Amino acid sequence: MGGHSGGELAAWLTAHVLVSGLSDVSDAATSDALAQRAHALVSDAGAGLGHPAMGAAFAAVVLGGTGYAVLNIGDCRVYRVLADRVDLLSVDDAAPSRHDPGRLVLTQSIGGGVAQRLDTHFYAMSWESGATERFVLCSDGLIGDTESAIREPSAEGCADALVAATLDAGAPDNVSVVVIDVTVTDPE
């Protein structure tokens, strides 16, 4: 959460926990347990460093042989691009602020100085045989003309075009983008 002191460290710690534990995620319960481990680590680090409000949001895609899983907490997003469809697979944990209804605040995050039971948004799906699927993982700062950018032929070109579209639109927030292309083949 870039607006809070220690946000970079919270994101780094969250990423570390995710990388070390994503291969064990198989359902909503194991997804929640992984998020809870990250939450405890970030909360403890924030308290120890004098930045109790430091926190992070995340989105992840776990690729497997028969399908994939998407999980997120906060307002990081996962989109799936398949042929002529773009589907949002993640859920934003955001609501209008009580003090400023025009501003959104996170209702759930990793860390953030609040002891809470996390409810990870978990979604699992089987691969569509013979399809090429693109996953776009991004922060909530992604704005601008994303429709044409999301269809760039290469994953790297897509990520570059999405960031450029955001910068062209004025980039009122930070933006991070990861693009993954997966081609599903039938076993012979």
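Just above, that's the structure.
Residues numbered from 1 in each chain as written. Predicted model: local features only at pLDDT ≥ 70, side-chain atom pairs only at ≥ 80, totals over all residues. Heavy atoms only, no water.

A few words on the overall build of the protein. A tally of helices and strands in the protein yields 4 helices and 11 strands. Radius of gyration (C-alpha) of the protein: 17 Å, near the 16 Å computed for a compact globule of 188 residues. When its C-alpha atoms are laid out on the principal axes, the protein stretches across 55 × 40 × 25 Å. Evaluated residue by residue, the protein yields a buried proportion of 40% over its 188 residues. When contacts within the protein are restricted to residue pairs at least 6 apart in sequence, those whose partners lie at least 24 apart make up 64%. When the accessible area of the protein is evaluated, it comes to approximately 9900 Å², of which 55% is carbon and sulfur surface. A distance of 6 Å separates the average location of the 9 positive side-chain charges in the protein from that of its 25 negative side-chain charges. (Helix = DSSP H or I, 4+ residues; strand = E, 2+ residues; numbered from the N terminus. Rg over C-alpha atoms; globule rule 2.2 N^0.38 Å. Buried < 20%, exposed > 50% of the residue type's maximum accessible area, 1.4 Å probe, protein only. Contact = heavy atoms within 4.5 Å. Areas by Shrake-Rupley, 256 points an atom, 1.4 Å probe, with all protein chains shown as cover. Lys, Arg positive; Asp, Glu negative; His and termini not counted. Charge placed at Lys NZ, Arg CZ, Asp CG, Glu CD.)

Okay, the pattern of salt bridges next. Two side chains that carry opposite charge are able to pair once their charged atoms sit near each other. Tallying each qualifying case throughout the model produces 7 salt bridges. Taking the shortest distance from any N to any O, the salt bridge between Asp92 and Arg77 comes out at 2.6 Å. Of the two residues, Asp92 sits in the loop between β5 (85–88) and β6 (94–96) while Arg77 sits in strand β4 (residues 77–82), which places them 15 residues apart along the sequence. For Asp92, a relative accessible area of 32% puts it in the partly exposed group. Several salt bridges converge on common partners, so that one network encompasses Arg80, Glu128 and Glu133. (Salt bridge = Lys/Arg side-chain N within 4 Å of Asp/Glu carboxyl O.)

Spanning 15 residues, helix α1 (residues 7–21) covers 21 Å between terminal C-alpha atoms, matching the ideal 21 Å at 1.5 Å per step. All of the buried residues along α1 are Gly7, Ala10, Leu13, Thr14, Val17, Leu18 and Gly21. For α1, the arc enclosing every buried residue in end-on projection is 135 degrees, short of the 170-degree limit, so these residues lie on one face. In α1, the exposed positions that point more than 90 degrees away from the buried face belong to Glu8, Trp12, Val19 and Ser20. (Expected span 1.5 Å × (residues − 1). Arc of directions from axis to C-beta.)

Here we take up the sheet that holds strand β11 (residues 177–183). Across the sheet, 4 strands lie side by side as β5-β4-β10-β11; this open sheet has antiparallel pairing. In the strand order of this sheet, the two ends are held by β5 and β11, each with one partner. Taking each pair of neighbouring strands and ignoring which way they run, the sheet shows an average axis angle of 20 degrees. Both β4 and β5 contribute to a ladder of 4 bridges, which runs antiparallel. By the bridge assignment, Arg80 is partnered in β5 with Asp87. Strands in contact with helix α4 (residues 155–168) are β10 (132–138) and β11; relative to β11, the strand with the most contacts, it is inclined by about 150 degrees. (Pairing = 2+ DSSP bridges. Axes fitted to C-alpha atoms, helices over the stretch in contact; angles between N-to-C directions.)

Tracing the backbone shows Asp93 in the loop between β5 and β6. Buried within the structure, Asp93 lacks any salt-bridge partner; its nearest side chain of opposite charge belongs to Arg77, at an N-O separation of 10 Å. What Asp93 contacts, discounting residues up to four positions off in sequence, is Ile73, Gly74, Val105, Leu106, Thr107, Gln108 and His121.

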